[in-house]
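What follows is each chain in one-letter form.
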Amino acid sequence: MLDTPAPYVLLGLILYFLTYRFYARWIDKKIWETDPNRPTPARMYFDGVEYFPVSKYVLFGYQFKSVAALGPIVGPLTGVLFFGWVPALLWVIFGNMFIGWAQDYSAMMMSVRSEGRSMGPITYRLLGDKARKILLVYLIFYLIIITAVFEWVIIDVLNRVPGTFTAVLFVLFGGVVFGYLIFQRRMDVLVATAIALLIVLVGYFTVALVPAVRQPGTNFLDSPDFFKTYNFDPKLTWPGTATVLFWLVVLSILYYISATTPMPRFLLPTVYVGYLPSIIALVLVLLAAIFSPLTGLTIKQPSFTSLYVDPLKNPQGGPLWPILFVTIACGAISGWHSLISSGLTSKQLEYETDALPVGGGAMITEGGVALSSIAAIMVLSQPPAGAAAYVQGATLLTSNLLKVPDVYMNILYGIFVTVMGLITSMLFVRVFRLIMAELFEESPLGNRYISPIVILILAGFLAFVGSWTNLWIFFGGTNQLLAGLALLLIAIFLGSIKKPSAYVFIPGIFMAITTLAALAWETYVYALYAINNKPIGVQAAAAKLYGQSLIQVSNLLSAAFGALLLVLGVVMTYYLITGWVKYRANK
């Protein structure tokens, strides 16, 4: 049994349950002292656009799908391949137990107790305007990087699993219908959910049972001669191709709609409906991992591989510390979650007591996604690159458990990965618009219809030329640094209201030091490849098509991004630590 994923997945799930049942509830009652009778911003400032109370059951689905994206899928896969499944498993379990849920829940409560304000205005109130502007500039570059990373991974799955986009369209349509039924017709939540789930299932079974709708095909805009000319494998996704450009345009249209329309009309209900197939797929793969001793699937990956991965052999590599802690950028902890908790969900929280099940509960559930990712790659001896490894491993686990043809589960997990990435990345662009509006109030750059175009162009370029390869670790570094900054800001807030803050301050210091080291390393790697005029990984494909100069520009741009984010991170960490010391001294 020890040679199967079962005991390790069970261990993680049990520890998560105990963390939520005892530690999280203690923090909720003793430090934040949540009160169901204290009015929340959603009830005090109701406007039907940003502020409106939502049932905790719907809001949990919204929060989970907003925070659980490709990070807890791709990160653990990569971490296992680099360093082995034992280091990856330990970080996923203990990182979430002591850091991850605490950040998500506490950022939400900090915002609720600050009239629904996001991190920018809270930073302004606690530390002043200079610190606020530094944080906002950091967030702008962070969101460009994370959007580029997600665009590529989504495109890779859409291209390599034909029919996935058709099923995703049903999910989006189900979201629009759900929003109409809930916010316009005032229908019961359970009834509206059942209708939306039915629409999603119709889409899934249509794609699974009718091969003719599994369109468009892999690399459908690129001819066979093209792949022969450049010696590309036609079964894979390559940067710089017409097919990649097509999917970038499709994603950009969806992103633009989600960034500019009112929340209840499209984004919030779509995020919730996207949660429905995701949670079904997640439960299935966790059950399949637990029952792996019965299906006979054993662990194929080594428990430990190396303390160091040479970046010249693998540009995503480096030393175990700090690279493991940023490679697994979600599932253990993620800075993106602090933006959702403080900038969006806090404005829809109906009661303060809903914060723990919504904020903390969603992060604990995301830990389950990371455990499922580790289980999926454990049973593969030769996993493919990227999110495709999750699709393959989850398909193997579940098809053996359910005794169904692989094609059904392959489509389900293609939908799962795509929805996990697409829904959350739509939020990236919306949050980017809000930050630009706050930073450039009097400029066209702050216009709600212009600012999304900025991120779509910059992120699209980085995805198109293949810079996502190393940007995954870059994303991890910037994302986890944001988590450290959020934890330190929460510590300052708690200090300002005379509450204990060690449970967030200590993890905040650890994350800040770790991620600043990772950013410095990644900046060095990008500069190394740029100076030597070498492509990083799949950038070689784009170099064949458009010349090495374009790739060098992309890598120099990425190195500049890294250097800027490193400087901003160091300065912001200084502000936060000195601010915490000041508030502690006045305690």
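Data block above holds the structure.
Residue indices follow the written sequence of each chain, beginning from 1 at its first position. Since the coordinates come from a predicted model, pLDDT governs what is reported: local features require at least 70, and pairs of side-chain atoms require 80 or more to be given and counted, while whole-chain, interface and lining totals use all residues. To get the side-chain values, take all heavy atoms of the structure and skip hydrogens and water.

Tell me about the overall build of the protein chain, and please be specific about residues and values.
For the protein chain, the count of helices and strands is 23 helices and zero strands. Relative to its length of 587 residues, the protein chain is compact, with a C-alpha radius of gyration of 22 Å against a globular reference of 25 Å. Whether a residue is buried, partly exposed or exposed follows from its accessible area with a 1.4 Å probe, protein chains only, as a fraction of its type maximum: under 20%, in between, or over 50%, in that order. The proportion of buried residues among the 587 residues of the protein chain is 63%. Here, residues are in contact when the closest pair of their heavy atoms is within 4.5 Å. Sequence separation of 24 or more characterises 84% of the internal contacts of the protein chain that already satisfy a separation of 6 or more. Charge centroids of the protein chain, computed over 35 positive and 25 negative side chains, lie 4 Å from each other. In DSSP terms, a helix is any run of H or I states spanning at least four residues, a strand is any run of E spanning at least two, and both are numbered starting from the N terminus. Our radius of gyration looks at C-alpha atoms and nothing else; its globule reference is 2.2 Å times the residue count to the power 0.38. When charges are counted, Lys and Arg contribute as positive and Asp and Glu as negative, whereas His and the chain ends are disregarded. By convention, the charge on Lys lies at NZ, on Arg at CZ, on Asp at CG and on Glu at CD.

Lay out the pattern of salt bridges with the relevant residues and their values.
Pairing is possible between side chains that carry opposite charge, provided their charged atoms lie close to one another. Every case where a carboxyl oxygen of Asp or Glu lies within 4 Å of a side-chain nitrogen of Lys or Arg is listed as a salt bridge. Applying the stated rule across the entire model yields eight salt bridges. As a salt-bridge pair, Arg113 and Glu352 come within 2.8 Å of each other at their nearest N and O atoms. Of this pair, Arg113 sits in the loop between α5 (85-112) and α6 (119-127) while Glu352 sits in the loop between α15 (335-343) and α16 (355-378), placing them 239 residues apart in sequence. For Glu352, a relative accessible area of 1% puts it in the buried group. A salt bridge links Asp156 to Arg160; the nearest nitrogen and oxygen atoms lie 3.3 Å apart. Residue Asp156 and its partner Arg160 are both found in helix α7 (residues 129-160); the two are separated by four residues, about one turn of the helix. The exposure class of Asp156 is buried, given its relative accessible area of 10%.

If you had to explain the side chain of Gln301 to someone new, which residues and values would you point to?
If you trace the backbone, Gln301 turns up in the loop between α13 (292-295) and α14 (320-327). Gln301 gets classed as buried once you look at its relative accessible area, which sits at 10%. Within the structure, Gln301 has its side chain in polar contact with the backbone oxygen of Leu380 (distance 2.7 Å). Non-local contacts of Gln301, meaning those with residues more than four positions away in its chain, are made with Val80, Leu81, Trp85, Ile377, Met378, Leu380, Ser381 and Pro383. Distance and chemistry together define a polar contact, namely a pair of N or O atoms within 3.5 Å, with one atom able to donate a hydrogen and the other to accept it when in protein, and with adjacent residues in sequence counting only for side-chain atoms on both sides.

Can you explain the nonpolar core? Please cite residues and give values.
Counting residues in each nonpolar core, the largest one holds 210 residues, and the members touching the most others are Trp32, Leu143, Tyr390 and Tyr413. No other element matches the 22 residues that α7 contributes to this core. The contact partners of Trp32, leaving out residues within four places of it in the chain, are Ile27, Tyr105, Ser106, Met109, Met110, Arg113, Ile490, Phe493, Leu494 and Tyr503. We call a set of buried Ala, Val, Leu, Ile, Met, Phe, Trp, Tyr and Cys residues a nonpolar core when their side-chain atoms join them within 4.5 Å.

Provide a residue-level description of empty space enclosed by the protein, including the pertinent values.
A 1.4 Å probe that fits but cannot get out identifies a cavity on a 1 Å grid over protein atoms alone, an open set with protein on both sides within 12 Å along at least five of seven lines counts as a pocket, and a residue lines either if it has an atom within 4 Å of a point. Grid points are joined across faces, edges and corners, and a volume is the space filled by probe spheres set on the points. Summed over all chains, the structure comprises one cavity of 30 Å³ or more. Along the walls of the largest cavity sit Val67, Ala69, Ile146, Phe150, Cys330, Ser334, Trp336, Thr424, Phe428 and Phe475, which together make up its complete lining. Breaking the lining of the largest cavity down by element, the ones donating at least two residues are α7 and α18 (406-439). Counted by class, the lining of the largest cavity contains eight nonpolar, two polar and no charged residues. Following the grouping adopted for this structure description, the nonpolar residues are Ala, Val, Leu, Ile, Met, Phe, Trp, Tyr, Cys and Pro, the charged ones are Asp, Glu, Lys and Arg, and the polar ones are all others, Gly among them.

How would you summarise the packing of aromatic side chains if you had to cite specific residues and measurements?
In summary, the pairing rule links any two rings of Phe, Tyr or Trp, Trp by its six-membered ring, whose centres are within 6.5 Å, and it sorts them by plane angle into stacked for under 30 degrees, edge-to-face for over 60 and tilted for everything else. Counted according to the given criterion, the structure contains 32 aromatic pairs. When the centroid spacing of 4.7 Å and the interplanar angle of 50° are considered together, the rings of Tyr8 and Trp85 count as tilted. One end of the pair, Tyr8, is in helix α1 (residues 6-32); the other, Trp85, is in helix α5, with 77 residues separating them in the sequence. The two residues Tyr8 and Trp85 agree in class, both being buried. A centroid spacing of 6.5 Å and a plane angle of 65° characterise the contact between Phe220 and Trp247, whose relative ring orientation is edge-to-face. Here the residue Phe220 occupies a position in the loop between α9 (189-209) and α10 (224-230), and Trp247 occupies one in helix α11 (residues 242-260), the gap between them amounting to 27 residues.

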